[in-house]
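Okay, here's what each chain looks like letter by letter:
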Amino acid sequence: MSLKLRDGTRIVIDDPAKVAAAQQYSFTLKGYAPLYDWVKAHAWRMHAPPGGHDVMVTNGNNQTIEMVLRLFLDRGDALLCEQNTYPHIFESLVHPAGLHTVPVAMDGEGMLPGALCETLEGFAARGERPPRLLYTVPVGQNPTGAITPEARRREIYALCRDHGILILEDDPYFYLQFAPGGGAPCGLTGLGASYLSMDVDGRVIRLDSFAKVVAPGLRLGWVTAAPAVIQKLVFHLHGISLGACSFTQVAMAELLQHWGEAGFEAHICTMQREYAGRAAALQAAAQEHLGGLASWTPPAAGMFLWLRLHGIPCADAILERLQTEKVVVVPGSITHCRGPDAGRPCPFTSRPLTDPRM
Ligand SMILES: Cc1ncc(COP(=O)(O)O)c(C=O)c1O
């Protein structure tokens with residue numbers, strides 16, 4: 001096998017054992033050993049989980065979300081989540097599984113701990129079975145772009161602890177953090193304290209992905225959780241897909257070995273610079289064409305600009321027109337965790353920070 005990088009470097013994989021591993025089922029249960037080792041060392045460097053956790057290489061966050069929901073929730077169970085959230089899993093996994101989504105109010109800095117507290121007290125007051133799982137996207141949230149500050153995360157973690165709730169931390173945009181007004185990329189330092197880094201009792205299941213920083217087509221990521229959870233996920237992953245894709249695991253392991261930690265960080269800096277540039281270009285365009293007509297919080301992470309349209313109660317009303325004009329937006333209404341509802345007008349749209357050439 002040989003991989004050609006954009007800078008012309010060629011990585012040749014000709015060790016027969018590696019070539020064979022790339023073409024076989026994933027026999028090492030938690031992932032191809034060199035990639036598992038990299039992921040574990042890297043996760044420990046980034047998060048230093050305090051509670052005896054373990055990792056497993058996955059086929060990306062989406063599939064792992066499905067596995068976690070299946071493992072912990074039954075039809076009719078409540079799933080706590082940010083009010084506006086990653087629509088794909090709700091449409092295709094959460095609603096068809098018959099789960100009862102419980103929206104928690106949010107602002108420009110993500111989920112509100114006060115609202116979470118009220119919601120949980122409501123369950124207790126009504127004598128209902130309390131939720132077991134909270135799903136959250138804490139950085140560059142899809143679709144709002146919000147980053148939940150550390151103090152809020154600590155409050156949310158404490159509430160989950162008090163109420164016996166597991167936290168599914170879906171963090172694919174973690175590395176795509178940038179200074180809103182330009183400035184040097186932060187690389188791997190100063191990316192903030194994850195829920196995993198606070199997890200003294202193994203209630204956090206953290207999902208990382210190579211999708212947003214290398215390529216989504218690799219279908220590769222990793223999960224960090226309590227060993228008992230990892231063990232269940234190992235059986236589940238092997239049951240449904242015979243493990244993470246061996247071919248991309250070997251290729252990714254070779255790429256990471258070629259880069260080394262410093263090269264990986266240099267690549268992350270390039271991505272952060274790229275997304276800072278896209279965010280600035282998109283905001284300049286919004287300023288020019290939507291000044292006074294829309295408002296937004298400058299994104300500091302991820303791939304989305306969350307626009308509140310002024311004087312338009314529901315952004316759905318102008319969707320057809322936007323399509324005619326070839327403007328790509330996600331209507332805010334479809335990002336409500338309970339799905340679009342005519343009785344719940346939404347004045348927001350989310351604009352992906354796609355390559356300006358697209
Ligand atoms: C919040 C969120 N989670 C997960 C995913 C999918 O991640 P992966 O490609 O690792 O399955 C996306 C992709 O857009 C996303 O926005």
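Residues numbered from 1 in each chain as written. Predicted model: local features only at pLDDT ≥ 70, side-chain atom pairs only at ≥ 80, totals over all residues. Heavy atoms only, no water.

Colleague: If you had to explain the overall build of the protein chain to someone new, which residues and values would you point to?
Modeller: Per the secondary structure count, the protein chain includes 9 helices and 15 strands. Whereas a compact globule of 358 residues would reach a radius of gyration of roughly 21 Å, the protein chain reaches 21 Å, a difference of no more than 12%. Seen along its three principal axes, the alpha-carbon backbone of the protein chain occupies a region of about 65 × 50 × 35 Å. When contacts within the protein chain are restricted to residue pairs at least 6 apart in sequence, long-range pairs at least 24 apart make up 73% of them. By element, 56% of the accessible surface of the protein chain is carried by carbon and sulfur atoms, the whole surface being about 15,900 Å². (Helix = DSSP H or I, 4+ residues; strand = E, 2+ residues; numbered from the N terminus. Rg over C-alpha atoms; globule rule 2.2 N^0.38 Å. Contact = heavy atoms within 4.5 Å. Areas by Shrake-Rupley, 256 points an atom, 1.4 Å probe, with all protein chains shown as cover.)

Colleague: Help me get a handle on the sheet that holds strand β8 (residues 133–136), residues and values and all.
Modeller: Ordered by their spatial adjacency, 7 strands build an open sheet running β3-β11-β10-β9-β8-β4-β5, and the pairing between neighbours is mixed. Edge positions in the sheet fall to β3 (54–58) and β5 (100–104), since each of these pairs with one other strand and no more. In this sheet, adjacent strand axes meet at a mean angle of 20 degrees when their direction is disregarded. Strand direction decides the pairing type here: strand β4 (residues 78–82) and β5, joined by 5 bridges, are parallel. Paired with leucine 79 across the bridge in β5 is threonine 101. Sheet strands in contact with helix α3 (residues 61–72) are β3, β4, β8, β9 (166–170), β10 (204–209) and β11 (221–225), and its direction is about 160 degrees off that of β10. (Pairing = 2+ DSSP bridges. Axes fitted to C-alpha atoms, helices over the stretch in contact; angles between N-to-C directions.)

Colleague: Mind laying out the nonpolar core, listing which residues take part and the relevant values?
Modeller: As a rule of thumb, soluble globular proteins bury nonpolar side chains together. With 48 residues, the main nonpolar core has Leu35, Tyr175, Phe210, Trp222 and Met252 as its most contacted residues. When residues of this core are traced back to their parent elements, those giving at least two are α2 (33–47), β3, α8 (246–290) and β13 (304–309). Among the elements that make up this core, the one with the highest residue count is α8 (13 residues). Looking at this core, you find at least three residues from each of domain 1 (24–260) and domain 2 (266–352). With residues up to four places along the chain from it excluded, the contact list for methionine 252 reads Leu35, Phe210, Val214, Leu218 and Leu220. Core analysis: the second largest hydrophobic core is formed by 29 residues, Leu79, Ile89, Val94 and Val223 among them. (Core = buried A, V, L, I, M, F, W, Y, C linked by side-chain atoms within 4.5 Å. Buried < 20%, exposed > 50% of the residue type's maximum accessible area, 1.4 Å probe, protein only. Domains from an automatic or database assignment.)

Colleague: So what's going on with the packing of aromatic side chains? Which residues, and what values?
Modeller: Evaluated as defined, the whole model comprises 10 aromatic pairs. With centroids separated by 5.7 Å and ring planes inclined at 85 degrees, the aromatic side chains of tyrosine 173 and phenylalanine 304 adopt a geometry described as edge-to-face. Taken together, the positions of tyrosine 173 in the loop between β9 and β10 and phenylalanine 304 in strand β13 put the pair 131 residues apart, joining distant regions of the chain. According to the relative accessible area criterion, tyrosine 173 is buried, its value standing at 4%. (Phe/Tyr/Trp six-rings, centres within 6.5 Å; stacked < 30°, edge-to-face > 60°.)

Colleague: Explain the site of the ligand to me, and be specific about the residues and the numbers.
Modeller: If you check the shell around the ligand, you find 14 residues, and the closest are Asn61, Asp170, Tyr173, Ser209 and Arg219. At 2.9 Å from an oxygen atom of the ligand is found a side-chain nitrogen or oxygen belonging to asparagine 142. Contacts to the ligand include lysine 212, whose side-chain N or O atom sits 2.8 Å from an oxygen atom. For the ligand, the accessible surface in isolation is 400 Å², of which the surrounding protein chains cover 91%. The class makeup of the residues in the shell around the ligand is 6 nonpolar, 5 polar and 3 charged. (Near = heavy atom within 4 Å. Polar contact = N/O pair within 3.5 Å; in protein donor to acceptor, adjacent residues only side chain to side chain. Nonpolar A, V, L, I, M, F, W, Y, C, P; charged D, E, K, R; others polar.)

Colleague: I'd like a rundown of the state of the cysteines, residues and numbers included.
Modeller: Considering all chains together, one arrives at 0 disulfides under this definition. Distance from the sulfur of cysteine 81, which forms no disulfide, to the nearest cysteine sulfur (cysteine 337) is 3.6 Å. Free cysteine cysteine 186: the closest other cysteine sulfur is in cysteine 269, separated by 7.4 Å. Cysteine 186 sits in the partly exposed class, given a relative accessible area of 28%. (Disulfide = S-S within 2.5 Å.)

Colleague: Which residues make up the side chain of aspartate 170, and what values do they have?
Modeller: When you line up the elements, aspartate 170 lands in strand β9. Side chain to side chain, aspartate 170 and asparagine 61 meet in a polar contact 2.8 Å long.

Colleague: I'd love a proper account of the UniProt feature "domain: Aminotransferase class I/classII large" (unreviewed entry) in the protein chain, names of residues and values included.
Modeller: The sites that carry the UniProt feature "domain: Aminotransferase class I/classII large" (unreviewed entry) are, in the present numbering, residues 54–347. A distance of 42 Å separates the end C-alpha atoms of residues 54–347, which is 39% helix and 17% strand. (UniProt positions renumbered as here; feature names shortened; annotations may be inferred.)

Colleague: Summarise the sheet that holds strand β14 (residues 330–331); cite the residues concerned and give the values.
Modeller: With antiparallel pairing, 4 strands are arranged side by side in an open sheet as β12-β13-β15-β14. Of all strands in the sheet, those bounded by a partner on one side alone are β12 (294–295) and β14. Note: β12 against β13, 2 bridges, orientation antiparallel. Residue serine 295 lies in a different strand from β13, and its bridge partner there is arginine 308. Seen against the sheet, α8 touches β12, β13 and β15 (348–352) and runs at an angle of roughly 15 degrees to β13.

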